[in-house]
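# Reading the structure
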Amino acid sequence: MRGAVMGRSRRTLIVAAATLGALIVAGGLTAILSAGGGHARTLRRETVSAPATASPPALAPSGDWTPVPPATTVPADTPAQQHYDRGFEQGFASASNQAELAALEAIRLPEPGIGGGWPALAVSNTPDGWARQFATGLLDVNFAAQHRSALGSWLVAAEAPDLMPGVPPGGQYAGLYATLLEPAATGQPSPIPSPSQWRADATTGVRWSVSGLQTQLDPQWQSMIDAGWQPRDLRGTVEDLSGLITVTIGATSTAHRFSFALQLGSARWNDGYGSVLLAGWKES
């Protein structure tokens, strides 16, 4: 695969300790969780689903970019809640993670917007529905027709704040932008090519297309929920995605398998799901 998609596999930032599993987070931000099993996806959908509509609204280039309060709760103060909240807070308080949080806070995000060839995404009230359309919108790319400079605004339009315990307000909004466009801030490679590679791919007419996309609730996140912990963000979850990305240059096409984890939460600009960050990118 050409450009950044040829790079080494993204390291999945999961830390285990004793009987604890781990949540996938980006940029070395360590979060400690428990193991288990169950059906947390259904519970969360029932909690935050909006009334059905004939067709969901779409985020438009001229949309009203007014922040929407996230769907939050105050979790019960159970021993399990205290245990995992404390694990998150201690993980984010480490020296390395504090340095990365500071790097995130220093990023100057662009204004939200949809243009430059990037698609408007429909407001979604299901995690897998949002994950699918976000992944498709991100990775279906015609480099000659879409502009990397507009991708930052598109990502900000699709973002959700990171409301995990221990993440300071100043570091809540830059995760998605950083994991894809500022890899130096997170210590991870990105599937998005550098500006120079993007220009080269545009010149040679490179196109990416996604097929066979599959999503599932991340089992480590699910096990943590079943162990008794609840995120403050009612839409907080992690979806694991996989599929094929076909790289086409002229009449030649090559397909590569890929997978990654997408942390979700309450969208910043609408009453639905949004993307917090992308981690664990792998391709073959």
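Everything that follows concerns the structure shown earlier in this document.
Owing to the predicted nature of the structure, the values given are computational and were not obtained by experimental measurement. (Residues numbered from 1 in each chain as written. Predicted model: local features only at pLDDT ≥ 70, side-chain atom pairs only at ≥ 80, totals over all residues. Heavy atoms only, no water.)

### Points about the overall build of the chain
The number of helices and strands found in the chain is nine helices and seven strands. Every one of the 284 residues in the chain was classed for burial, and the buried ones make up 51%. Of the contacts made within the chain by residues no fewer than 6 positions apart, 74% connect residues no fewer than 24 positions apart. For the chain, the computed accessible surface area is about 11,800 Å², with 54% contributed by carbon and sulfur atoms. (Helix = DSSP H or I, 4+ residues; strand = E, 2+ residues; numbered from the N terminus. Buried < 20%, exposed > 50% of the residue type's maximum accessible area, 1.4 Å probe, protein only. Contact = heavy atoms within 4.5 Å. Areas by Shrake-Rupley, 256 points an atom, 1.4 Å probe, with all protein chains shown as cover.)

### Structural notes on helix H2 (residues 79-92)
The end-to-end C-alpha distance of H2, which contains 14 residues, comes to 20 Å, matching closely the 20 Å that a straight helix rising 1.5 Å per residue would cover. For H2, every residue scored as buried is listed here: Gln 81, Tyr 84, Asp 85, Gly 87, Phe 88, Gly 91 and Phe 92. Down the axis of H2, the buried set is contained in an arc of 155 degrees. They therefore lie on one face. Facing away from the buried surface of H2 by more than 90 degrees, the exposed residues are Pro 79 and Gln 90. (Expected span 1.5 Å × (residues − 1). Arc of directions from axis to C-beta.)

### Quick notes on the sheet that holds strand E7 (residues 273-283)
Spatial ordering of the open sheet is given by E3-E4-E5-E6-E7, a layout of five strands whose pairing is antiparallel. Each edge of the open sheet carries a strand with a single partner, namely strand E3 (141-142) and E7. Across the sheet, helix H4 (residues 127-139) lies against E3, strand E4 (206-217), strand E5 (237-249), strand E6 (252-266) and E7, angled at about 165 degrees from E4, the strand it touches most. (Pairing = 2+ DSSP bridges. Axes fitted to C-alpha atoms, helices over the stretch in contact; angles between N-to-C directions.)

### Section: H4
Compared with the 18 Å implied by 1.5 Å per residue over 13 residues, the 18 Å span of H4 between its first and last C-alpha is a close match. Every buried residue of H4 is listed here: Pro 127, Asp 128, Trp 130, Ala 131, Phe 134, Ala 135, Gly 137, Leu 138 and Leu 139.

### What about the pairing of E4?
Two strands pair when backbone bridges link them, and E3 and E4 are joined in this way by two bridges, in the antiparallel orientation. By the bridge assignment for E4, Val 141 is matched with Trp 208.

### Details of the packing of aromatic side chains
All chains considered together, the criterion is met by 12 aromatic pairs. With centroids separated by 5.0 Å and ring planes inclined at 85 degrees, the aromatic side chains of Phe 143 and Trp 208 adopt a geometry described as edge-to-face. Here the residue Phe 143 occupies a position in the loop between E3 and helix H5 (148-157), and Trp 208 occupies one in strand E4, the gap between them amounting to 65 residues. We note that Phe 143, like Trp 208, is buried. (Phe/Tyr/Trp six-rings, centres within 6.5 Å; stacked < 30°, edge-to-face > 60°.)

### A few points about the pattern of salt bridges
One pass over the full model with this rule turns up two salt bridges. Here Arg 268 makes a salt bridge to Glu 159, at a shortest N to O gap of 2.8 Å. Residue Arg 268 is found in the loop between E6 and E7, and its partner Glu 159 is found in the loop between H5 and helix H6 (175-181); the two are separated by 109 residues along the sequence. The partly exposed category is assigned to Arg 268, whose relative accessible area is 22%. Here Asp 271 ties to Arg 235 by a salt bridge, and the two come within 2.9 Å at their closest N and O atoms. Placement of Asp 271 in the loop between E6 and E7 and of Arg 235 in the loop between helix H9 (219-226) and E5 is noted, with a sequence separation of 36 residues between them. We classify Arg 235 as buried; its relative accessible area is 3%. (Salt bridge = Lys/Arg side-chain N within 4 Å of Asp/Glu carboxyl O.)

### Topic: the packing of H4 against H5
Packing of H4 against H5 leaves a shortest axis separation of 12 Å and a crossing angle of 175 degrees. Taken together, H4 and H5 sit at an angle that is classed as roughly antiparallel. Mapping the contact onto sequence places Phe 134, Gly 137 and Leu 138 in H4 and Leu 151, Trp 154 and Leu 155 in H5. Classifying every residue of the contact of H4 with H5 by side-chain character gives five nonpolar, one polar and no charged. (Parallel < 35°, antiparallel > 145°, perpendicular 65-115°, else oblique. Nonpolar A, V, L, I, M, F, W, Y, C, P; charged D, E, K, R; others polar.)

### Some details on the environment of Thr 215
Relative to the elements of secondary structure, Thr 215 occurs in strand E4. Along the chain, Thr 215 and Ala 131 lie 84 residues apart, while their C-alpha atoms are 7.5 Å from each other. Among residues more than four places away in sequence, those in contact with Thr 215 are Asp 128, Ala 131, Arg 132, Glu 239, Asp 240 and Leu 241.

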